[in-house]
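Close look at the chain arrangement
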Amino acid sequence: MNMQQAIKMTAAETALVDAYTAEIGDLPGDGAVLSLRDTLVHELRTAGLPTRRVESWHYTDLRTLLRAVPAADPSAFADRVDAVVPGSSVLPVRSGQADLKSLPNGVTARSYTESLIDGSAVAGLAVLGSDDAIGRINGGLVRGGLEIEIAEGAQLEAPLEIQVVQSHGQAHTRFPVSFGAGSKATVIERHLSTHAEPSFVSSVSDVTLAEGADVIWIIVQQQGAADTHLGQIRFNLGKDAKLHLFVINAGGKLVRQEIHGKASGEGADLTLRGINLLGGDSHTDVTFTLSHDVPHTTSSEIIRNVVFDRAKGVFQGKILVAKDAQKTDAKMACNTLLLSDDADLSAKPELEIFADDVQCGHGATVADIDHTQLFYMLARGIPEKKARGMLVNAFVAEIVEELEDDEELVEALEGIISAWLEKHA
Amino acid sequence: MLEIKNLHARIAEDGTEIIRGLNLTVKAGEVAAIMGPNGSGKSTLSYVLSGREDYEVTEGDILYNGESILELDASERAAKGIFLAFQYPVEIPGVATMQFLKVAMNEQRKYRGEDELTTPEFMRRVKEAAAELKIAPEMLRRPLNVGFSGGEKKRAEILQMALLEPKLCVLDETDSGLDIDALKVVADGVNALRSPDRAVVVITHYQRLLDYIVPDTVHVLYKGQVIKSGDKTLAHELEAKGYADLIEAAA
Ligand SMILES: Nc1ncnc2c1ncn2[C@@H]1O[C@H](COP(=O)(O)OP(=O)(O)OP(=O)(O)O)[C@@H](O)[C@H]1O
Ligand SMILES: [Mg+2]
């Protein structure tokens, strides 16, 4: 008898392993990729999905929360939808398969499936650590995505929208994207489902910014009320690179969006802004780690959560400052509006600082609507429901307005927020 | 227009009674001044009038145009024409001043069954009223009251009042924090609204404002009651002698 006790697999674990087994022989990849997939799925089978005992999954016990995984349906097909920002170049990825159409000047792309087949994808498929469940599931099952390169010095005028649309079933996608030195671009990574049937989506973006690149990257998650979304973005910031990363969660039943970054060139700067609009019985987790690896790097993080109904939100943020990373300047804040007695939010901001000459801080607040502000609005004749809506909107709109240089973008994001609030508030 | 009868009100949270059997009548066209020492309940009265839920009315009634308003919430009272200029106007980051004005004006119109204002008409009205009150257009581009100086906030209150055209205006220490010129501008703004079908209640500590907005009646509030009423000469007396004699007489 085997001394190592095998876990009894949950329905979801079984479904994931079955999805792999069913597709063996059909999953793209060269020898190295296929053998790595095998290892990843084996790990999933033996270790299972993470539970609350795994530190980074403490508030999102995936093993318990993920009750079922819908079977992959090769015939699933979703139509593309209008871009978030009118005039964007849309790269549709339907049911996990990229559709390469016209690309703007300065952008080259190929299907990620090809990188799997020729084996160039293998290094990127490695998991980030033993607790990287998203990397593991995605690495085992990924079939498509896009590998995108923004040329050195390219200045993209319109946003690039990577539109990952899904109707039901499963999709596992990857997006390695590199921004050349001195390039400037706005990328919208959009996830949405077009049908009410449940879908299970995993997606990993792997983003590299070369010297002086200036990038706005916006993740817009608009999955349906029955969907599971496991997202991860990894990024590496070179010298003087600037990334404004904006995450909007406005959908999904079970959502985890991980953000793992490194500031590895002097002068690198990250601005992270997150808006989590949570309602119903959803569970949404944003987990962020950033390591400041070299001197003179800066970062600022603001997460705003609006939690209605019985929704639960989680924000974990960890900033690591390496021993040599003197003069690091990092500020992290997580502010929450809890709008019902059953709503809940767990925030865990952490700083791990090994350098001595740094400026770092973090804070978390949880509040209800400000009664004085509400009364002031009522006293001007604004009905309570409308006044509450305006105050909730104001709470998140503040950080959208920071993107003031791009009016169309601000308008588009405000549109997504107010549409969500109108439906839920 | 306004009849307050034996009003008792307490803080909802802890039950402390602040308004203790207050009677006050203000007729249409009248300007009534309310004075009284700090903590006597003037602001509380203004909040209870406008329907703030932090206070509970336990006894008595407030009649507005002959009808009790106790069952109406604050937004309904406002839409019916009751306006409170706050002693401490509230900052609302993230809500643009112009958006706020437009929503307030149109929601009140909707409540009264009137058409919403078109954007050009709205802009015209705001521009005109802002110019009268010497309010710089830059101020209107900021979030509501955010970063406004004390005096700017008070002027913004009067701008809102001018735009909303209420029937009963309650001004809670609108003069505090205003320089001499601003006081004049604000008083002119209030006087411009005086009309036979409108009443104004001015809460103030100082005769100075009442030199510009001359009251028809003056009422002294103490411990949640009106302890003395008179005409404008009462304010002059108070300015000269303070409240001590009155309080003694009432005790
Ligand atoms: N929400 C509240 N919570 C606690 N105490 C309150 C509250 N509202 C009013 N009070 C108390 O009630 C009393 C009356 O307050 P109010 O603000 O009405 O006085 P006022 O006459 O306007 O004074 P001032 O001239 O200083 O503006 C004060 O003692 C005040 O502390
Ligand atoms: Mg007061």
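Residues numbered from 1 in each chain as written. Chains lettered and ligands numbered in written order. Predicted model: local features only at pLDDT ≥ 70, side-chain atom pairs only at ≥ 80, totals over all residues. Heavy atoms only, no water.

1. Points about the overall build of chain A
Across its full length, chain A holds eight helices and 19 strands. Relative to the globule expectation of 22 Å for 425 residues, the C-alpha radius of gyration of chain A, 21 Å, shows essentially globular dimensions. Projected onto its principal axes, the C-alpha positions of chain A cover 70 × 45 × 45 Å. For chain A, the accessible surface area stands at approximately 16,900 Å², while carbon and sulfur atoms represent 50% of it. Here chain A holds 36 positive side-chain charges and 60 negative ones, and the gap between their average locations is 5 Å. (Helix = DSSP H or I, 4+ residues; strand = E, 2+ residues; numbered from the N terminus. Rg over C-alpha atoms; globule rule 2.2 N^0.38 Å. Areas by Shrake-Rupley, 256 points an atom, 1.4 Å probe, with all protein chains shown as cover. Lys, Arg positive; Asp, Glu negative; His and termini not counted. Charge placed at Lys NZ, Arg CZ, Asp CG, Glu CD.)

2. What to know about the confidence of the model for chain B
Residues and elements named next belong to chain B. Looking at chain B as a whole, its pLDDT mean stands at 93, while 100% of the residues score no less than 70. Across chain B, element-level confidence peaks in helix H2 (residues 74-79) with a mean pLDDT of 97 and bottoms out in helix H10 (residues 244-250) with 82. For this predicted complex, the interface score ipTM comes out at 0.95, alongside a pTM of 0.86. (pLDDT = per-residue confidence, 0-100.)

3. Description of the sheet that holds strand S12 (residues 225-230) of chain B
Residue and element names in this part refer to chain B. Within the open sheet, the six strands sit side by side as S6-S9-S10-S3-S11-S12. Their pairing is mixed. Pairing within the sheet leaves two strands with one partner each, and these edge strands are strand S6 (82-85) and S12. Taking each pair of neighbouring strands and ignoring which way they run, the sheet shows an average axis angle of 20°. Bridging between S6 and strand S9 (residues 168-172) involves four bridges; their strand directions are parallel. If you follow Leu84 over to S9, its bridge partner there is Val170. Running at roughly 45° to strand S11 (residues 217-222), helix H9 (residues 232-241) makes contact with strand S3 (31-35), S11 and S12 of the sheet. (Pairing = 2+ DSSP bridges. Axes fitted to C-alpha atoms, helices over the stretch in contact; angles between N-to-C directions. Contact = heavy atoms within 4.5 Å.)

4. Topic: the nonpolar core
Core analysis: the biggest nonpolar cluster contains 120 residues, and Ile275 of chain A together with Ile4 and Leu159 of chain B have the highest contact counts within it. A total of nine residues in this core trace back to one element, the largest contributor, which is helix H7 (residues 384-400) of chain A. (Core = buried A, V, L, I, M, F, W, Y, C linked by side-chain atoms within 4.5 Å. Buried < 20%, exposed > 50% of the residue type's maximum accessible area, 1.4 Å probe, protein only.)

5. Quick word on the site of ligand 1
All names here are of chain B. Near ligand 1 you find 14 residues, and of these Lys42, Ser43, Thr44, Tyr55 and His205 are the closest. Separating a nitrogen atom of ligand 1 from a side-chain N or O atom of Tyr55 is a distance of 2.7 Å. Summarising the interface, the protein chains cover 62% of the accessible area of ligand 1, which totals 630 Å² for the free molecule. Of the residues contributing to the shell around ligand 1, the split by class is four nonpolar, eight polar and two charged. (Near = heavy atom within 4 Å. Polar contact = N/O pair within 3.5 Å; in protein donor to acceptor, adjacent residues only side chain to side chain. Nonpolar A, V, L, I, M, F, W, Y, C, P; charged D, E, K, R; others polar.)

6. Observations concerning the sheet that holds strand S5 (residues 67-68) of chain B
Hydrogen bonding along the main chain pairs the strands of a sheet, whether they run parallel or antiparallel. All names here are of chain B. Spatial ordering of the open sheet is given by S2-S1-S4-S5, a layout of four strands whose pairing is antiparallel. Looking at the sheet topology across the chains shown, the edges are occupied by strand S2 (17-26) and S5. Examined bridge by bridge, strand S1 (residues 2-11) and S2 share seven bridges and lie antiparallel to one another. Residue pairing across strands places His8 opposite Arg20, the latter belonging to S2.

7. Let's talk about the pairing of S9 of chain B
Residues and elements named next belong to chain B. Here S9 lies mainly inside the structure; five of its five residues are buried. Of the two faces of S9, the one holding Leu168, Val170 and Asp172 and the one holding Cys169 and Leu171 are both buried throughout. Sheet topology note: the S9/strand S10 (residues 199-203) ladder contains five bridges and is parallel. What sits directly across from Leu168, in S10, is Ala199. Read from S9 through helix H7 (residues 180-193) to S10, the crossover connection turns out right-handed. (Right-handed = clockwise from strand over helix to strand, strands pointing away.)

8. Quick notes on the coordination of the magnesium ion (ligand 2)
For a metal with four donors in a tetrahedral arrangement, the ideal angle between donors is 109.5 degrees, while six donors in an octahedron ideally sit at 90 or 180 degrees. Residues and elements named next belong to chain B. Around the magnesium ion (ligand 2), the protein supplies Ser43 (OG) and Gln87 (OE1) as donor atoms, at distances of 2.0 to 2.3 Å. Within this pair, whereas Ser43 is found in helix H1 (residues 42-50), its partner Gln87 is found in the loop between S6 and strand S7 (92-96), the two being separated by 44 residues in sequence. There is no split in this pair, since Ser43 and Gln87 are both buried. (Donors = N, O, S within 2.8 Å, 3.2 Å for Na, K, Ca; no water.)

9. What to know about the interface of chain A and chain B
Between chain A and chain B, the residue contacts involve 16 residues of the former and 31 residues of the latter. On the surface where chain A and chain B come into contact, there are two salt bridges. A salt bridge links Glu107 of chain B to Lys386 of chain A, with the nearest nitrogen and oxygen atoms 3.8 Å apart. Our enumeration of links across chain A and chain B arrives at 10 residue pairs in polar contact (both at pLDDT 80 or more). Elements that contribute at least two residues to the side of chain A that touches chain B include exactly helix H6 (371-378) and H7 of chain A. In terms of residue count, H6 of chain A provides more of the side of chain A that touches chain B than any other element does, six residues in total. (Salt bridge = Lys/Arg side-chain N within 4 Å of Asp/Glu carboxyl O.)

10. A few points about the pattern of salt bridges
Residue and element names in this part refer to chain A. Here the structure, examined in full by the defined rule, presents 34 salt bridges over all chains. With its nearest N and O atoms 3.9 Å apart, the salt bridge here joins Arg110 to Glu147. Separated by 37 residues along the polypeptide, Arg110 in strand S3 (residues 107-111) and Glu147 in strand S4 (residues 144-150) bring together distant segments of the chain. For Arg110, a relative accessible area of 25% translates into the label partly exposed.

11. Structural notes on helix H3 (residues 97-111) of chain B
Residues and elements named next belong to chain B. Counted at 1.5 Å a residue, the expected span for H3 with its 15 residues is 21 Å, and the 21 Å between its end C-alpha atoms agrees. Where H3 is concerned, the buried positions are Thr97, Phe100, Leu101, Val103, Ala104, Met105, Asn106, Glu107, Gln108 and Arg109. Within two residues after H3, Gly113 carries a phi angle of roughly 75°, on the positive side. (Expected span 1.5 Å × (residues − 1).)

12. Some remarks on the packing of helix H1 (residues 11-23) of chain A against helix H5 (residues 133-141) of chain A
All names here are of chain A. Where H1 meets H5, the axes come as close as 10 Å, and the angle between the chain directions of the two elements is 25°. Comparing the axis directions of H1 and H5 gives the class roughly parallel. In contact with Leu16, Ala19 and Tyr20 of H1, H5 contributes Ile137, Gly140 and Leu141. (Parallel < 35°, antiparallel > 145°, perpendicular 65-115°, else oblique.)

13. Details of the packing of aromatic side chains
Inspection of the entire model under this criterion finds eight aromatic pairs over all chains. Ring plane angle 85° and centroid distance 5.8 Å describe the contact between Phe375 of chain A and Tyr47 of chain B, whose orientation is recorded as edge-to-face. Here Phe375 of chain A is found in helix H6, whereas its partner Tyr47 of chain B is found in helix H1 on a different chain. The residues Phe375 of chain A and Tyr47 of chain B share a single accessibility class, namely buried. Taking 4.8 Å as the distance between ring centres and 65° as the angle between the ring planes, the aromatic pair formed by Tyr376 of chain A and Phe86 of chain B counts as edge-to-face. You can see Tyr376 of chain A sitting in helix H6 and its partner Phe86 of chain B sitting in the loop between S6 and S7, one on each of two chains. Accessibility expressed as a relative area gives 0% for Tyr376 of chain A, which makes it buried. Residue Phe86 of chain B is classed as buried on the basis of its relative accessible area, which comes to 2%. (Phe/Tyr/Trp six-rings, centres within 6.5 Å; stacked < 30°, edge-to-face > 60°.)

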